[in-house]
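Structural overview for review
What follows is each chain in one-letter form.
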Amino acid sequence: STVATESSILRVAQEISTTGDLAGFSTQEIVGLSGALASLAIQPELARGSMMRIFNAITVSIEESGESLNTLAQLSGMTASEFKQNWANSAGETFQSLLSGMNGVIEQGGNLGSTLKDIGITAGRDKQVMERLANNMDLVSQSMDTASNGWASGTATADAYAKVADNVEAKVQMLKNAMAGLMDSMSNNTSIK
């Protein structure tokens, strides 16, 4: 099993923080996703570009309310209106539902590449990132849960973050603080495919 270091998670978090924030991810969800990406050895710059394009494709699908939104919703086990509402209210959880559905496509022998194309994710690198995340749902879920639990137990940190959220240096420090629990739990990680 591969274990990401705190510095590798931080580098990914710094790269995807703006994109994740714009997509509606909470700080702890950004840290959790960063932990999963770093554990899968996805380079920070690749993570930034891919997550930007992936989240943009999802946003465009939602705005256009067409066939790609129906595909996203179906993969996530939701109706189109539920997916739209859930993405607006809890993008991180909704993204996990989407990855879980994609994992199902892979396990059933379906063509994930074709499915990704249907939702507007067409770049080869972006497809690889989504496939790696979908193939490692246990790791993604564990990373997201750990970051969320670590954040919840540090309410003073969360309060401090809220007061200085527009300060990039403070965001980086809060990301470092939120990673402590994540690093502890990742020492005995799920195997990576």
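Residues numbered from 1 in each chain as written. Predicted model: local features only at pLDDT ≥ 70, side-chain atom pairs only at ≥ 80, totals over all residues. Heavy atoms only, no water.

1. A word on the overall build of the protein chain
So the rule is basically this: The secondary structure listing takes helices from DSSP runs of H or I that are at least 4 residues long and strands from runs of E that are at least 2 residues long, numbered from the N terminus. Three labels apply to residues, based on accessible area from a 1.4 Å probe with only protein chains included: buried if under 20% of the type maximum, exposed if over 50%, partly exposed otherwise in between. Residue contacts are defined here by distance: any two heavy atoms, one from each residue, within 4.5 Å place the two residues in contact. Surface exposure here means Shrake-Rupley accessible area, sampled with a 1.4 Å probe, where a residue is shielded only by the protein chains that are shown.
A tally of helices and strands in the protein chain yields 11 helices and 0 strands. When its helices and strands are written in sequence order, the protein chain yields α-α-α-α-α-α-α-α-α-α-α. The buried share of the protein chain, reckoned over its 193 residues, is 49%. Once local pairs closer than 6 in sequence are excluded, the contacts in the protein chain between residues at least 24 apart make up 71%. As displayed, the protein chain has an accessible area near 9100 Å², and 45% of this comes from carbon and sulfur atoms.

2. Considerations on the environment of Met 137
Here Met 137 lies in helix H9 (residues 137-152). Separated by 40 residues in the primary sequence, Met 137 and Ser 97 place their C-alpha atoms 9.8 Å from one another. Once residues within four sequence positions are removed from consideration, Met 137 is found in contact with Gln 96, Leu 99, Ser 100 and Asn 103.

3. Regarding the confidence of the model for the protein chain
Using the following cut-off: The pLDDT value tells you how sure the predictor is about a given residue, anywhere from 0 up to 100.
Confidence in the prediction of the protein chain, expressed as mean pLDDT, is 81, and 75% of residues score 70 or more. Per-residue pLDDT, averaged within each element of the protein chain, yields its smallest value for helix H10 (residues 155-163) (41) and its largest for helix H5 (residues 80-89) (96).

4. Section: the packing of aromatic side chains
We count it as follows: For Phe, Tyr and Trp, where Trp contributes only its six-membered ring, two rings pair if their centres lie within 6.5 Å, and the inter-plane angle classes them as stacked under 30 degrees, edge-to-face over 60, or tilted in between.
Counted according to the given criterion, the structure contains 6 aromatic pairs. Plain terms: the ring middles of Phe 25 and Phe 95 are 6.0 Å apart, the flat faces sit at 65° to each other, and that makes the pair edge-to-face. Linking Phe 25 in the loop between helix H1 (6-23) and helix H2 (27-39) with Phe 95 in helix H6 (residues 91-107), this pair joins segments that are 70 residues apart in sequence. In terms of burial, Phe 25 and Phe 95 fall into one category: buried. When the ring of Phe 55 is compared with that of Phe 95, the centres are 5.4 Å apart and the planes differ by 80°; the resulting orientation is edge-to-face. One end of the pair, Phe 55, is in helix H3 (residues 44-64); the other, Phe 95, is in helix H6, and 40 residues separate them in sequence. For the pair shown, Phe 55 and Phe 95 are each scored as buried.

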